[in-house]
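Now for the letters of each chain:
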Amino acid sequence: MKILMLGWELPPHNSGGLGVACLHLSESLAKYGADIDFVVPYEAEHHLKGVNVLSALHIDPLFRYGGSAYESKLIEEKRFKNVKTKELMSIRDVQHTYCEFVERYLMEFKPDLVHAHDWLTYEAGILAKKNFGVPLVAHVHATEFDRGGANGGNPLIHEIEYQGLITADKILAVSQATKNIIVEKYGIPADKIDVVYNGFEAPQDLYKYDSSSYQYLESLKKKGYTVVSTVGRFTLQKGLFHFMRAAARAIKLHPKMIFLFAGDGEQKEDLMRMSADLGISRNVIFTGFIRGKQLRDIYSISDVFVMSSVSEPFGLTALEAAHHGNALVITKQSGVGEVLRSIVQYDFWDEDKLAGALVNIAESPALINTLRDGIKREYGRISWDDVAKKCISVYDEVNKHKRNRF
Amino acid sequence: MRSIVLYLHMHQPYRLKHYSIFSVGHDHDYWTEKDWYAGTNNERIFKKVADKSYRPMLAILEKCLNNYPGFKVSLSITGTFIEQAQFWAPDVIETLQRICKTGRVEIVAETYYHSLAFFFDKQEFEEQVVKHQKIIKELFGVDTQVFRNTELSYNDDLAKWADDFGMKGLLAEGWDKVLEWRSPNFVYRPAGCKNTRLLLKNYRLSDDIAFRFSDKHWKEWPLTVEKYQSWLEAATLNGPLINLFMDFETFGENIWEDTGIFKFFEHLVYSWLKDENNNFLTVSEACDSDEPKAELSMPWTVTWADTERDLSAWLGNSMQHEAMQAVYGMKQDVLESEDAHMLEDWRRLQTSDHPYYMCTKYFNDGDVHAYFSPYDSPYDAFLYYMNALRDMRERLDEIAEKKKATSKEVETDN
């Protein structure tokens with residue numbers, strides 16, 4: 001079966017979980033015999049097992065989002081006086097060129113199906129279906145409602161997302177929570193949407209935690225401190241203000257706690273100010289954006305991982321943290337909680353419960369050990385191969401319907 | 001004679017409310033959930049189960065006692081059940097008092113708080129047994145003589161305790177791994193005991209009602225009285241006593257009225273007694289009915305729970321152990337506080353339902369529905385429990401300090 005996979009990023013040129021999911025899903029699908037052409041909007045070397053990666057644009061991976069999600073070319077022009085305006089692209093320009101590439105591709109090749117990942121590629125997916133009659137599977141890793149909070153979000157993105165979802169023959173949502181949003185906010189019939197949880201691939205490499213990486217933290221741990229971490233973009237979606245206030249409440253009851261905020265984003269300065277206002281800046285560490293070994297060292301040194309998201313379609317970082325031996329505290333609004341049992345869950349606004357859980361975990365070896373041991377047995381069962389199998393059955397179903405139609 | 005020994009267990013725990021760590025130090029009420037619909041609202045749950053099970057089933061028992069002189073039943077009623085019934089369904093207590101007067105209802109002894117105290121503190125355990133005997137005597141005017149430990153947990157040590165304490169008999173699970181080729185239908189003598197006797201639950205025939213009656217995938221569904229009675233009669237070929245032990249809530253709460261469970265029960269009593277070779281016995285009558293067939297030893301603890309028939313649902317993970325160690329570790333300070341409120345809260349926290357809510361053992365099978373819990377997760381159960389213990393600790397420290405202060409005053413006065 002030939003699949004045209006439309007994506008926006010693949011590791012190492014990824015900013016989050018989307019790229020990781022696309023990589024593992026494609027490789028597992030290839031293992032089960034799918035012939036995959038994966039389109040990315042930039043030029044870079046990728047080596048995926050059994051997957052062809054095609055570049056739609058001749059740009060550096062850094063510029064794949066253009067200026068921003070808004071059509072901000074004009075602002076950029078004013079900001080950077082000596083930039084050649086022709087070379088400046090907004091994300092809409094990148095998307096248009098991406099669509100043109102897909103169009104040229106489809107004039108030459110006849111894939112059985114198009115599998116498009118998130119709104120960024122939905123226009124290309126719609127084009128494939130409308131102009132070339134190729135069935136479309138839309139994969140939803142996040143909606144604009146997740147990214148923008150309950151009422152916000154970019155209206156243009158909402159529109160593209162809606163068109164993509166309504167045009168698709170089948171929709172794959174990464175969690176029941178995401179499916180609910182698609183049904184409730186976009187009015188898509190529930191039976192058109194299948195929940196396909198992300199898998200998790202424990203890295204098979206020679207990574208070894210090196211305790212000298214974060215000596216300061218190690219020395220605090222020896223003094224009895226508990227290290228609590230979170231990893232992600234510092235945006236509204238992640239609910240970090242609630243987390244920071246809960247941290248302050250927890251520290252009051254149990255002062256030997258250190259909070260690691262790993263990542264970057266528009267809320268970073270607000271968060272730093274907030275930690276100072278709450279009088280806990282000595283207990284809070286901002287690492288900046290980190291990846292690779294540095295990130296894994298953070299996971300390794302951390303005892304408890306908190307996912308404080310207001311709305312998290314899945315939440316791969318939680319599984320990564322679990323793999324490195326963390327106890328997990330996760331909001332009920334995070335999709336990954338649907339497949340895990342050995343976790344403490346709380347509502348994103350319930351600062352008391354989060355703080356209480358952190359204090360209890362810090363003070364009870366039994367609790368942290370039960371959580372750690374339990375999650376270790378659980379996350380390993382969530383495999384990408386199962387995800388691929390489910391995808392293939394969806395492909396078959398979509399293609400069967402297609403044949404029936406003609 | 002072929003005898004049914006019917007024994008029903010009545011229990012409600014005091015569930016802990018969602019007790020936040022920020023309540024520690026100022027909110028000392030762990031039991032009153034303000035949200036009526038919360039799973040931890042003890043009043044709502046008691047009233048619900050009273051309507052669905054206690055009242056209708058007691059009415060049927062009373063009717064059977066009035067209509068059939070041969071009908072007898074044994075009940076175990078925990079102290080925490082009695083208290084909650086007195087608050088929220090006093091008529092249930094009145095009905096129980098009425099049927100006790102027939103002389104054909106026996107009350108079984110147990111710990112007042114439905115606790116696992118036997119495994120942690122024998123002295124505390126015995127006090128709870130005595131406290132239970134007292135309230136039963138006070139309310140129902142009867143002496144308890146046969147003992148059941150929480151969750152039917154049993155081992156040789158317990159039997160020795162019961163023998164020394166003067167119990168006529170004990171109830172335990174008739175588990176194949178212990179019985180091997182032997183039948184549960186006889187009276188046994190517990191290993192090393194002189195006077196006390198052992199009755200064993202016929203779990204197949206008990207579970208046919210308690211677990212399988214409403215299961216439409218069961219090949220014997222629907223279970224008719226005729227079919228079930230033929231099984232009972234066939235079983236008596238192995239021995240005269242059919243020990244049917246189950247939760248009282250089987251009738252109406254676990255198995256709903258619309259399955260026909262009440263009618264089934266009523267008809268079974270009638271149909272069984274129609275044959276003059278059949279009768280019912282209370283547990284102490286059963287103990288006296290025959291000389292013990294053999295001596296039986298259970299060095300390891302056996303319960304009536306799960307396929308493992310052990311305590312792993314209560315003491316299977318480190319949270320449960322830590323919680324129990326913490327609560328029993330407080331004993332000395334609680335007693336020294338000489339504070340009745342403290343003592344009561346401490347004992348309510350010993351109820352076995354608390355560690356049960358912390359059970360994680362089925363997580364690996366994905367079989368999460370096997371456990372009932374008013375909390376979102378076993379971790380939540382642990383959090384609220386430990387928060388309550390934290391508050392207990394603060395109260396104890398406060399009381400101790402006050403005492404110190406007053407004793408100093410006394411000294412300076414002298």
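Residues numbered from 1 in each chain as written. Chains lettered and ligands numbered in written order. Predicted model: local features only at pLDDT ≥ 70, side-chain atom pairs only at ≥ 80, totals over all residues.

Chemist: Sorry, what's going on with the overall build of chain B here?
Modeler: Across its full length, chain B carries 16 helices and ten strands. Relative to the compact-globule value of 22 Å for 414 residues, chain B shows a C-alpha radius of gyration of 22 Å, a close match. With respect to the principal axes defined by its C-alpha atoms, chain B has extents near 80 × 45 × 45 Å. The contacts of chain B with a sequence gap of at least 6 include a subset with a gap of at least 24, amounting to 77%. (Helix = DSSP H or I, 4+ residues; strand = E, 2+ residues; numbered from the N terminus. Rg over C-alpha atoms; globule rule 2.2 N^0.38 Å. Contact = placed C-beta atoms within 7 Å.)

Chemist: Explanation requested: the overall build of chain A in the structure shown.
Modeler: The number of helices and strands found in chain A is 15 helices and 13 strands. In terms of overall dimensions, chain A has C-alpha extents of about 70 × 55 × 45 Å along its principal axes. Looking at chain A residue by residue over its 406 residues, the buried ones come to 49%. (Buried ≥ 20, exposed ≤ 12 C-beta atoms within 10 Å, placed from the backbone.)

Chemist: It is not clear to me how the domain arrangement of chain A should be interpreted in this structure. Could you clarify?
Modeler: A common way to express how large an interface is: the accessible area buried when the components associate. Partitioning chain A into structural domains gives domain 1 (2–199 + 383–405) and domain 2 (215–379). Contacts between the two partners involve 17 residues from domain 1 of chain A, matched on the other side by twelve residues from domain 2 of chain A. (Domains from an automatic or database assignment.)

Chemist: Would you explain the confidence of the model for chain A in this entry?
Modeler: Atom-level detail of predicted coordinates should not be read off regions where pLDDT is low. When pLDDT is averaged along chain A, the result is 90; 92% of the residues meet or exceed 70. Put simply, helix H2 (residues 73–79) of chain A is where chain A has its lowest mean pLDDT, 60, and strand S11 (residues 304–307) of chain A is where it has its highest, 98. (pLDDT = per-residue confidence, 0-100.)

Chemist: Looking at this structure, how should I read helix H3 (residues 90–100) of chain B?
Modeler: Think of an α-helix as 3.6 residues a turn; residues three or four steps apart then line up on the same face. All names here are of chain B. Along H3, the residues classified as buried are Val92, Leu96 and Ile99. Angularly, the buried residues of H3 cover 70° about the axis, an arc narrow enough to put them on a single face. Away from its buried face by more than 90 degrees, H3 exposes Pro90, Asp91, Glu94 and Gln97. The inward-facing, buried residues of H3 abut helix H1 (42–67), helix H2 (79–88), strand S3 (105–108) and helix H4 (122–140). (Arc of directions from axis to C-beta.)

Chemist: I'm lost on the pairing of strand S8 (residues 241–247) of chain B in this one. Help?
Modeler: On a regular strand, each side chain points to the face opposite its neighbour's, so the side chains alternate between the two faces of the sheet. All names here are of chain B. Counting buried residues in S8 gives six out of seven residues, a clear majority hidden from the surface. Pairing of strand S1 (residues 2–10) with S8 involves seven bridges; the strand directions are parallel. Residue pairing across strands places His9 opposite Asp247, the latter belonging to S8. (Pairing = 2+ DSSP bridges.)

Chemist: Please explain the interface of chain B and chain A as it appears in this structure.
Modeler: Tallying the contact residues gives 19 residues for chain B and 20 residues for chain A. Of all the elements in the fold, those that place two or more residues in the side of chain B that touches chain A are helix H12 (318–329) and helix H16 (378–413) of chain B. If one sorts the elements of the side of chain B that touches chain A by residue count, H16 of chain B sits on top with five residues. The residue inventory of the side of chain B that touches chain A, partitioned by class, reads nine nonpolar, eight polar and two charged. (Nonpolar A, V, L, I, M, F, W, Y, C, P; charged D, E, K, R; others polar.)

Chemist: Got a minute to help me understand the sheet that holds strand S10 (residues 284–288) of chain A in this structure?
Modeler: Hydrogen bonding along the main chain pairs the strands of a sheet, whether they run parallel or antiparallel. All names here are of chain A. The strand order across the open sheet formed by six strands is S10-S9-S8-S11-S12-S13, and the pairing between neighbours is parallel. Here the strands that pair on one side only, and so sit at the sheet edges, are S10 and strand S13 (344–346). Ignoring which end each strand starts from, the neighbouring axes of this sheet average 20° apart. Sheet analysis places S11 next to strand S12 (residues 327–331), joined by four bridges and oriented parallel. From the neighbouring strand, Val306 faces S12, where its bridge partner is Val329. Lying over the sheet, helix H9 (residues 240–253) contacts strand S8 (226–231), strand S9 (257–262), S10 and S11, oriented at roughly 165° with respect to S9. (Axes fitted to C-alpha atoms, helices over the stretch in contact; angles between N-to-C directions.)

Chemist: Sorry if this is basic, but what is going on with the pairing of strand S4 (residues 113–117) of chain A here?
Modeler: All names here are of chain A. When you tally the buried positions in S4, you get five out of five residues, the bulk of the element. Of the two faces of S4, the one holding Leu113, His115 and His117 and the one holding Val114 and Ala116 are both buried throughout. In this sheet, S4 lies alongside strand S1 (residues 2–6) in parallel orientation, the contact comprising four bridges. Directly across from Met5, in S4, lies its bridge partner His115. In this fold, S4 hands off to helix H4 (residues 122–132), which returns the chain to strand S5 (residues 136–140); that crossover is right-handed. (Right-handed = clockwise from strand over helix to strand, strands pointing away.)

Chemist: I tried to follow the domain arrangement of chain B on my own but got confused; where do I start?
Modeler: All names here are of chain B. When the domains of chain B are assigned, the result is domain 1 (2–296) and domain 2 (317–413). Computed over C-alpha atoms, the centres of domain 1 and domain 2 are 27 Å apart. With 25 residues of domain 1 at the contact, the number on the domain 2 side is 20 residues. A breakdown of the residues in the side of domain 1 that touches domain 2 according to their chemical character gives eleven nonpolar, ten polar and four charged.

Chemist: How should the nonpolar core be read in this particular structure?
Modeler: Buried together is how nonpolar side chains tend to be arranged in soluble globular proteins. One finds Leu328 and Leu358 of chain A together with Val5 and Leu170 of chain B to be the most contacted residues of the largest nonpolar core, which totals 235 residues. Take this core: its biggest share by element is ten residues, from H16 of chain B. When residues no more than four places from it in sequence are discounted, the contact partners of Leu328 of chain A are Phe305, Ala318, Ala321, Ala322, Ile343, Leu371 and Ile375 of chain A. (Core = buried A, V, L, I, M, F, W, Y, C linked by C-beta atoms within 7 Å.)

Chemist: Looking at this structure, I do not really get unusual backbone geometry. What am I missing?
Modeler: What you tend to see is this: most non-glycine residues have negative phi, and most peptide bonds are trans. Note the cis peptide between Pro11 of chain A and Pro12 of chain A, where omega equals 5°. Note on placement: Pro12 of chain A falls in the loop between S1 and helix H1 (17–31). The phi torsion at Glu338 of chain B lies on the positive side, around 50°, for a residue other than glycine. Tracing the sequence through the fold places Glu338 of chain B in the loop between helix H13 (331–337) and helix H14 (340–348).

Chemist: Just checking my understanding: could you explain the environment of Val183 of chain A for this structure?
Modeler: All names here are of chain A. Within the secondary structure, Val183 sits in helix H7 (residues 176–186). Judged by the 17 C-beta atoms lying within 10 Å of it, Val183 falls in the partly exposed class. Apart from the residues within four sequence positions on either side, Val183 is in contact with Ile188, Ala190 and Ile193.

Chemist: I tried to follow the confidence of the model for chain B on my own but got confused; where do I start?
Modeler: Model confidence for chain B is summarised by a mean pLDDT of 94, while 97% of its residues fall at 70 or above. Confidence estimates for the predicted assembly give a pTM of 0.87 and an ipTM of 0.82.

Chemist: Is there a simple way to think about the sheet that holds S5 of chain A in this case?
Modeler: Residues and elements named next belong to chain A. Pairing within the open sheet is parallel, and its seven strands lie in the order S3-S2-S1-S4-S5-S6-S7. Of all the strands in the sheet, just strand S3 (51–55) and strand S7 (193–195) have a single pairing partner and so form its edges. Neighbour to neighbour, the strand axes of the sheet diverge by 20° on average, direction disregarded. Along the sheet, H1 makes contact with S1, strand S2 (35–40), S3 and S4, crossing S2 at roughly 160°.

Chemist: Which parts of the structure should I look at to understand the packing of H2 of chain B against H3 of chain B?
Modeler: Between two packed helices, both the angle of their axes relative to each other and the distance between the axes serve to describe the pair. Residue and element names in this part refer to chain B. One way to put it is that H2 packs onto H3 with a least axis distance of 5 Å and a crossing angle of 120°. In this view, H2 runs oblique relative to H3, as classed from their interaxial angle. Counted together, Ile82, Ala85 and Gln86 of H2 and Pro90, Val92 and Ile93 of H3 form the full contact between these two elements. The residue inventory of the contact of H2 with H3, partitioned by class, reads five nonpolar, one polar and no charged. (Parallel < 35°, antiparallel > 145°, perpendicular 65-115°, else oblique.)

Chemist: Explain the environment of Lys293 of chain A here, please?
Modeler: All names here are of chain A. Within the fold, Lys293 resides in helix H11 (residues 292–301). Judged by C-beta crowding, with 14 C-beta atoms within 10 Å, Lys293 ranks as partly exposed. For the pair Lys293 and Tyr209, spaced 84 residues apart in sequence, the C-alpha separation works out to 8.6 Å.

Chemist: Would you mind showing me how to read the packing of helix H3 (residues 91–108) of chain A against H4 of chain A here?
Modeler: Residue and element names in this part refer to chain A. Put simply, H3 and H4 touch, their axes get as near as 9 Å, and they point 35° apart. The chirality of how H3 crosses H4 is right-handed. Between H3, through Gln95, Tyr98, Cys99, Val102, Glu103 and Leu106, and H4, the contact on the second element is made entirely by Glu123, Ala124, Leu127, Ala128 and Phe132. (Left-handed = near helix turned anticlockwise from the far one by under 90°.)

Chemist: Help me out: how do you make sense of the environment of Asp157 of chain B in this one?
Modeler: Residues and elements named next belong to chain B. Its location among the elements puts Asp157 in helix H5 (residues 156–165). Overall, the presence of 15 C-beta atoms within 10 Å leaves Asp157 in the partly exposed class. With 106 residues separating them along the chain, Asp157 and Lys263 place their C-alpha atoms 41 Å apart.

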